[in-house]
Amino acid sequence: MIPPTFDYTAPETIEDALRALAEAGEDAKIIAGGQSLMPVLRLRMNDPNVVIDLGRIPELRGIREEGDNLVIGAMTTHYDVIHDPLVRAHAALLVEAATTVADPQIRHRGTLGGAVAHADPAGDLSAPVLALGATMTIAGPNGRREVAAQDFFQDLFTTAIEPDEILAAITIPKHTGWSAHYEKFNLTAQAWSVVAVAAALKVSGGKIEQARVALTNMANVPLRAAGVEESLIGRNADAETIRAAAARAAEGTDPNSDGDADAGYRTHLAQVLTGRAVAAAAGL
Ligand SMILES: Cc1cc2nc3c(=O)[nH]c(=O)nc-3n(C[C@H](O)[C@H](O)[C@H](O)COP(=O)(O)OP(=O)(O)OC[C@H]3O[C@@H](n4cnc5c(N)ncnc54)[C@H](O)[C@@H]3O)c2cc1C
């Protein structure tokens, strides 16, 4: 279907983008890579008067080191995240997950900021961002504010970004020397996750010193698997430990039933995929 008609503007600074957003009010829609927004417009599920393109704002793009953190501009594409040496060295879990998104065309257009702002429960970047303890920088009419990932994802397709705000950057604490794996179950025809598990481990001398595990599509929002992490930390990185930890993967989850899987099957998948993700991250 052809999208409805709308005005288009492509500001060159965040301030100009915020001004355009304020002028248009609720009738505006931000476009990043357009890989989720354009299908929504084509299906006429949204009918904005004006579309504000963030693609010409240099400040929103790129990856830099800031002390113990990596700061990733919201408009950085999945492709750039995957190939960036800093992300590969300090946030390997993000690379693992971004590699599984769709196909090369979509990875060249889609952005990290657009993916987390869209907050699709089946989206593959939200759980890794949550697992890595990221902080979101949100720009608004009154300046910038920081929101922790666990407070950012609020419900199905709903985040802490207000209508007059723009997600500017995602800050990720460095996880240097951690091993990571993103294990995903999807239908053959498309790459969206039915369920997926993001796991990052710090293993030393065969012992798991630290563990970060988060789940994709086990609720309306991405979830940390706190029980799994608790069962891993301080124990040997062996099959028995991982089996016991994986059995706790569905604790505190609230999976949906839909055309892809019912809640019971998602619960089963969470346990199986957690076992695989943690084992792969541990090098087993
Ligand atoms: C065929 C297909 C298959 C796909 N498969 C997968 C998959 O397997 N896994 C996966 O994770 N994703 C998948 N995607 C989605 C892809 O990852 C998108 O890139 C991503 O969801 C949205 O990023 P975008 O930059 O294209 O955002 P857009 O589509 O431009 O925007 C998405 C939403 O976020 C808002 N938004 C965007 N940027 C900002 C910002 N900086 N501040 C405030 N609001 C903002 C927009 O207003 C819009 O509502 C797929 C998409 C397609 C078309």
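Computed from a predicted structure; not experimentally measured. (Residues numbered from 1 in each chain as written. Predicted model: local features only at pLDDT ≥ 70, side-chain atom pairs only at ≥ 80, totals over all residues. Heavy atoms only, no water.)

A. Inspection of the sheet that holds strand β12 (residues 193-204) at higher detail. The strand order across the open sheet formed by 4 strands is β11-β12-β13-β14, and the pairing between neighbours is antiparallel. Because the sheet does not close on itself, it has two edges, and the strands there are β11 (179-186) and β14 (223-224). Here 9 bridges tie β12 to strand β13 (residues 207-216), and the two strands are oriented antiparallel to one another. Its bridge partner lying in β13, A200 is registered against R212. The strands touched by helix α12 (residues 263-281) within the sheet are β11, β12 and β13, with β12 carrying the most contacts at an inclination of about 30°. (Pairing = 2+ DSSP bridges. Helix = DSSP H or I, 4+ residues; strand = E, 2+ residues; numbered from the N terminus. Contact = heavy atoms within 4.5 Å. Axes fitted to C-alpha atoms, helices over the stretch in contact; angles between N-to-C directions.)

B. Quick look at the site of the ligand. Near the ligand you find 29 residues, and of these I30, G34, L37, T111 and D124 are the closest. A distance of 3.4 Å separates an oxygen atom of the ligand from a polar atom in the side chain of K29. Within the backbone of A32, one N or O atom sits 2.8 Å away from an oxygen atom of the ligand. For the ligand, whose accessible area on its own is 970 Å², the fraction buried by protein is 88%. Among the detected pockets, the ligand sits in the largest pocket. If you tally residues by element for the shell around the ligand, the top one is helix α7 (residues 112-118), at 4 residues. (Near = heavy atom within 4 Å. Polar contact = N/O pair within 3.5 Å; in protein donor to acceptor, adjacent residues only side chain to side chain. Areas by Shrake-Rupley, 256 points an atom, 1.4 Å probe, with all protein chains shown as cover. 1 Å grid on protein atoms, 1.4 Å probe; cavity = no way out; pocket = protein on both sides within 12 Å on 5 of 7 lines; lining within 4 Å. Sits in = over half its atoms within 2 Å of the grid points.)

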